[in-house]
Amino acid sequence: MTKKAHSFSIRHVFWFGWKLLILVSVALCVLALLRLQSNSEVSSISFPPPVYRFSRVGVYEGNPKISFLFLVRRNLPLDFLWGSFFENADVANFSIYIHSQPGFVFDETTSRSPFFYNRQLSNSIQVAWGESSMIQAERLLFEAALEDPANQRFVLLSDSCVPLYNFSYIYNYMMASPRSYVDSFLDVKEGRYNPNMSPTIPKAKWRKGSQWISLVRSHAEVVVDDQIIFSAFKKFCKRRPPIDVRKGKKNFVKCSSGTDSFRERNRGHLWKLQKQHNCIPDEHYVQTLLAMSDLESEIERRTLTYTEWNLSVTKMEREGWHPITFSYANAGPQRIKQIKDINHVYYESEFRTEWCRANSSYVPCFLFARKFSRGAAMRLLSEGVVGSFDIAAFFDAPS
């Protein structure tokens, strides 16, 4: 009797374990199917097929142009310098597009150079620094320039940019390479990437770099065709309001022990800066888009536009630091030569040295520079950097 009961008990445990195993297996299969379906739905919603606005032609057989894309606040204060620059060029080798304040017209009353007459976009928008409207304006410039199939290189410039060489040198430099020039590096600092961007933009693909880029035509098409990344930027990449020193401690919030904070000595509380994401769209958009498109192997990961930053500011002030403006006094031949002699760029976040090449040949890193005042631009002309200049035209022309 004891032996029979023992046998029945073993059989019962075995049967119960077998049923449990089957139930667990079925449950896991159902969960896997649900997850697969969910991922499929997310994929179909987040990543619709791209809509191509421009026909993908092969190798352009005509005379290729450089498209100069000026992103300006209103007018072009350095138009007199750029006018001299373009005077020395074949008009078949370049085109000009300007995104300005809506309604502003470039004509003989607003510009010193006929090269800019009526070159403004008709669909320009109001732009705010640090907002998604900035990258929308860039996209409008690329879109307008892509209408001309002769435009094969596209360089984005600000209203304070200057050329460091004559047109012939810049044209040959840019046409010699089949690559885009996009300053792009890993952004290791906290606060820029918003986790809500995932899975549309995974953190591993998040990049940072200079806004001032130069693209080949195929990459310009990627920028204009993009719907997904731009939408994510509009929704999740927003600039944090600047710290108002008048508010004092209202800029800070209490935090628990062990966080990155400072001790308020008088009251013994722990505080930290408000942890808002401080995302500047134009410093991330094109870089991240090209990374997401697996095109980083097709670019030189550096900019063609030199910017000098004020490194003497404190860590707190760097939250809103801006580039140094060149004046007449510090735009002399020696300083310009120092900029032209730069042949590599070091990226600290990646421990990477980018040696400057064009079509496998070592070249100077920078073709343009910013921010230049009118006085600094006049000195460039007087030194013959871009061409001859009649100073009387500067004072007689529109301001």
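Residues numbered from 1 in each chain as written. Predicted model: local features only at pLDDT ≥ 70, side-chain atom pairs only at ≥ 80, totals over all residues. Heavy atoms only, no water.

**Topic: the overall build of the protein chain**
Then comes step 1: Along the backbone of the protein chain there are 10 helices and 18 strands.
Then comes step 2: Out of the 399 residues in the protein chain, the part that is buried amounts to 45%.
Then comes step 3: Restricting the contact set of the protein chain to residue pairs at least 6 apart, pairs at least 24 apart contribute 77%.
Then comes step 4: With an accessible surface of roughly 22,100 Å², the protein chain has 56% of that area assigned to carbon and sulfur atoms. (Helix = DSSP H or I, 4+ residues; strand = E, 2+ residues; numbered from the N terminus. Buried < 20%, exposed > 50% of the residue type's maximum accessible area, 1.4 Å probe, protein only. Contact = heavy atoms within 4.5 Å. Areas by Shrake-Rupley, 256 points an atom, 1.4 Å probe, with all protein chains shown as cover.)

**Section: the pattern of salt bridges**
Then comes step 1: Within this structure, the stated rule accounts for 15 salt bridges.
Then comes step 2: Here Arg 179 ties to Glu 300 by a salt bridge, and the two come within 3.9 Å at their closest N and O atoms. Pair noted here: Arg 179 is in the loop between α4 (167–175) and β5 (180–181) and Glu 300 is in strand β12 (residues 299–300), with a separation of 121 residues, a long-range link.
Then comes step 3: Using a relative accessible area of 30% as the deciding quantity, one classes Arg 179 as partly exposed.
Then comes step 4: Taken together, the shared-partner salt bridges connect Arg 301, Glu 350, Arg 352 and Glu 354 into one network. (Salt bridge = Lys/Arg side-chain N within 4 Å of Asp/Glu carboxyl O.)

**Here's the deal with the sheet that holds strand β13 (residues 305–307)**
Whenever strands of a sheet pair, they do so through backbone hydrogen bonds, lying parallel or antiparallel.
Then comes step 1: Spatially, 3 strands are ordered β4-β18-β13 in an open sheet, and the strand pairing comes out mixed. Edge positions in the sheet fall to β4 (162–163) and β13, since each of these pairs with one other strand and no more. (Pairing = 2+ DSSP bridges.)

**Details of unusual backbone geometry**
Then comes step 1: Put simply, Ser 198 and Pro 199 share a cis peptide bond, and its omega is 5 degrees.
Then comes step 2: Relative to the helices and strands, Pro 199 resides in the loop between β6 (185–186) and β7 (207–208).
Then comes step 3: Residue Lys 371 follows Arg 370 across a cis peptide bond; omega there is -10 degrees.
Then comes step 4: As for its position among the elements, Lys 371 is in the loop between β18 (368–370) and α9 (374–382).
Then comes step 5: For Asn 118, which is not glycine, the phi torsion reads 55 degrees and is therefore positive.
Then comes step 6: By secondary structure assignment, the location of Asn 118 is in the loop between β2 (94–99) and α3 (132–146).
Then comes step 7: Residue class for Asn 118 comes out exposed when judged on its relative accessible area of 52%.
Then comes step 8: One non-glycine residue, Asp 294, lies in positive phi territory at about 55 degrees.
Then comes step 9: By relative accessible area, Asp 294 is classed as exposed at 57%.

**Some thoughts on the environment of Ser 132**
Then comes step 1: Along the chain, Ser 132 falls in helix α3.
Then comes step 2: Residues Ser 132 and Lys 235, spaced 103 residues apart in sequence, show a C-alpha to C-alpha distance of 8.9 Å.
Then comes step 3: In this structure, Ser 132 is in contact with Phe 230, Lys 234 and Pro 281, ignoring residues within four places of it in sequence.

**A few points about the pairing of strand β14 (residues 344–347)**
Then comes step 1: Alignment of β14 against strand β15 (residues 352–355), held across 4 bridges, turns out to be antiparallel. Bridged to Val 345 within β15 is Glu 354.
Then comes step 2: Between β14 and the antiparallel strand that follows it, β15, lie 4 residues; Phe 351 among them carries a positive phi value of about 50 degrees.

**Section: the confidence of the model for the protein chain**
Then comes step 1: Mean pLDDT for the protein chain: 81, with 71% of residues reaching 70 or above.
Then comes step 2: Considering only residues more than four positions removed or in separate chains, one finds that residues 1–5, a stretch of pLDDT under 50, has 0 contacts.
Then comes step 3: Scored below 50 in pLDDT, residues 389–397 makes 10 contacts in the model with residues more than four places away or belonging to other chains. (pLDDT = per-residue confidence, 0-100.)

**Focus on α9**
Residues lying three or four places apart along an α-helix face the same way, a consequence of the helix completing one turn every 3.6 residues.
Then comes step 1: Restricting attention to buried positions, one finds in α9 the residues Ala 376, Ala 377, Met 378, Arg 379, Leu 380 and Leu 381.
Then comes step 2: Phi turns positive one or two residues past the end of α9, at Gly 384, with a value near 75 degrees.

**A closer look at the state of the cysteines**
Then comes step 1: Inspection of the entire model under this criterion finds 2 disulfides.
Then comes step 2: Disulfide pairing places Cys 237 opposite Cys 279 at an S-S distance of 1.8 Å. One quick way to see it: the torsion about the S-S bond of Cys 237 and Cys 279 is about -85 degrees, and its sign makes the bridge left-handed. You can see Cys 237 sitting in the loop between α6 (228–236) and β9 (252–254) and its partner Cys 279 sitting in the loop between β11 (270–273) and α7 (285–292), a full 42 residues away along the chain. Cys 279 shares its class with Cys 237; the two are buried.
Then comes step 3: Cys 356 shares a disulfide with Cys 365; S-S distance 1.8 Å. One disulfide, between Cys 356 and Cys 365, carries an S-S torsion of 90 degrees and so falls in the right-handed class. (Disulfide = S-S within 2.5 Å.)

**Focus: the side chain of Arg 352**
Then comes step 1: Assignment of secondary structure puts Arg 352 in strand β15.
Then comes step 2: On the basis of relative accessibility, which here comes to 13%, the residue Arg 352 falls in the buried class.
Then comes step 3: At 3.0 Å, the side chain of Arg 352 forms a polar contact with the backbone oxygen of Ser 184.
Then comes step 4: Of the polar contacts made by the side chain of Arg 352, one reaches the side chain of Glu 350; its length is 2.5 Å.
Then comes step 5: In this view, Arg 352 contacts Ser 184, Phe 185, Arg 301, Val 345, Tyr 346 and Tyr 347; residues no more than four positions away in its chain are not counted. (Polar contact = N/O pair within 3.5 Å; in protein donor to acceptor, adjacent residues only side chain to side chain.)

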